[in-house]
Amino acid sequence: MTDTIAEAIPAATLVLFREGGAVPELLFVERSKAMVFAGGALVFPGGRIDPGDRALALELGGEQDDMAARVAAIRETIEEVGVGIGLSDLSGETLAKLRAGLHRGEAIGAVLHDLGLTLDPAALTPFARWLPAHANMRIFDTRFYLARLPADAPAPVVDDTENVRVFWATAQSVLDDADDGRVRIIFPTRRNLERLAQFGSFDEAVRHAAALEIYPVTPWVETRDGVQHLCIPDDLGYPVTSEAMSAAQRG
């Protein structure tokens, strides 16, 4: 069979920070083991960009691919965990109505209009973009964004469809749990957690992101000392830029 690279599916994900302790906590969801992509793994809320996200991006203006990804990251976070970012009203009752409309398949722009809400995409900070090139596999062109949890945000509640658990944890604690075999994380999540573990605050993470160019990270395989490694560029702020293929979890 000829190896072919499928067309990438545009997607977005949101790294949500909660401060108050010695280091920030991040919001994670655990994907259902039944899911084809990253089944059973810990990930940040997110998913593919849909036509409704692009329609709202047209209204909001700006660079359209980035704007649609911001809308998708916000929408997916509402759908998956019931937390709203950049909304003019963050009350639990309003979020519940918004989430219900999204779960019915309504476009986010229409639901926002019906509820009299506005959306501020500037609440998100671009952090990274990952574009793997797996042969004969579904691949995603995923834009990562950072956001701070609003002070009056309700507690997250898992959607219990694609995901089975939602929780707050530090980046380092999840890395430690993965190393000890208690949780599963895939290669892009691990690399981003290693990067996020460097920051003592949300503002520090934002300054770091602003200082670096963002371009698609496409891992490649390279033999080092006779061992195949999965590698990424070394100029994007990641403290670890390779992992033995025998250990790397790609999906």
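Every chain is numbered on its own, with residues counted from 1 as its sequence reads. Only residues with pLDDT of 70 or above have their local features reported here, since the model is predicted, and side-chain atom pairs are shown and tallied only from 80 upward, although totals for entire chains, interfaces and linings are computed over all residues. Excluding hydrogens and water, the side-chain figures rest on all heavy atoms present in the structure.

K.L.:
What's the story with the nonpolar core in this structure? I'm lost.
P.N.:
Soluble globular proteins: nonpolar side chains tend toward being buried together. Counting residues in hydrophobic clusters, the biggest one holds 36 residues, and the most contacted among them are Leu16, Leu87, Leu98, Leu112 and Leu124. Numbering of helices and strands runs from the N terminus; a helix is a DSSP stretch of H or I covering at least four residues, while a strand is a stretch of E covering at least two. Counting only elements with at least two residues in this core, the list comes to strand S1 (9–18), strand S2 (25–31), helix H1 (51–60), helix H2 (64–81), helix H3 (92–103), helix H4 (108–114), strand S6 (140–148) and strand S7 (163–169). No other element matches H2, which puts nine residues into this core. Once residues lying within four places of it in the same chain are set aside, the contact partners of Leu98 are Ile78, Leu87, Val111, Leu112, Leu115 and Leu117. Residue types Ala, Val, Leu, Ile, Met, Phe, Trp, Tyr and Cys, when buried and joined through side-chain atoms within 4.5 Å, form a set referred to as a nonpolar core. Exposure classes here rest on a 1.4 Å probe applied to the protein chains alone. A residue is buried below 20% of its type maximum, exposed above 50%, and partly exposed in between. Residues Phe28, Leu42, Val217 and Tyr238 belong to the second largest nonpolar core, which totals 32 residues. We call two residues in contact whenever any of their non-hydrogen atoms come within 4.5 Å of each other.

K.L.:
Please clarify how unusual backbone geometry should be interpreted in this entry.
P.N.:
Excluding glycine, residues mostly carry a negative phi; peptide bonds, for their part, are mostly trans. A positive phi angle, close to 55 degrees, is found at Asp225, a residue other than glycine. Relative to the elements of secondary structure, Asp225 occurs in the loop between strand S8 (220–224) and strand S9 (227–231). Using a relative accessible area of 83% as the deciding quantity, one classes Asp225 as exposed.

K.L.:
How should I be thinking about the sheet that holds S9 in this particular structure?
P.N.:
What holds strands together in a sheet is hydrogen bonding between their backbones, with the strands either parallel or antiparallel. DSSP-based pairing: two strands are paired if at least 2 bridges between them are found. With antiparallel pairing, the three strands of this open sheet are ordered in space as S8-S9-S10. In this open sheet, the two edge strands, each paired with only one partner strand, are S8 and strand S10 (242–244). Each strand axis lies, on average, 35 degrees off the axis of its neighbour in the sheet, ignoring direction. The pairing of S9 with S10 spans three bridges and is classified as antiparallel. In the sheet register, Leu230 faces S10, and the bridge partner there is Glu243. Orientation is described by lines fitted to C-alpha atoms, with helices fitted over the stretch in contact, and by angles between N-to-C directions that extend from 0 to 180 degrees.

K.L.:
In this structure, what is going on with the packing of aromatic side chains? I would like to understand it.
P.N.:
Any Phe, Tyr or Trp ring, taking Trp's six-membered ring, that has another such ring centre within 6.5 Å forms a pair; planes under 30 degrees apart are called stacked, those over 60 apart edge-to-face, and the others tilted. Here the structure, examined in full by the defined rule, presents five aromatic pairs. Between Phe28 and Phe167 the ring centres are 5.6 Å apart and the planes differ by 20 degrees, which places this aromatic pair in the stacked class. Of this pair, Phe28 sits in strand S2 while Phe167 sits in strand S7, and the two are 139 residues apart along the sequence. For Phe28, a relative accessible area of 0% corresponds to the buried category. A relative accessible area of 18% places Phe167 in the buried class. When the centroid spacing of 5.8 Å and the interplanar angle of 90 degrees are considered together, the rings of Trp130 and Tyr238 count as edge-to-face. With Trp130 in strand S5 (residues 125–130) and Tyr238 in the loop between S9 and S10, this pair connects stretches of sequence that are 108 residues apart. Cluster of aromatic residues (ring-pair linked, three or more members): Phe28, Phe44 and Phe167. Looking at Arg195, its charged tip hangs above the ring of Phe127, at a distance of 3.8 Å from the centre. Comment: the charge-over-ring label is applied if NZ (Lys) or CZ (Arg) is within 6 Å of the ring centre and within 35 degrees of the ring normal.

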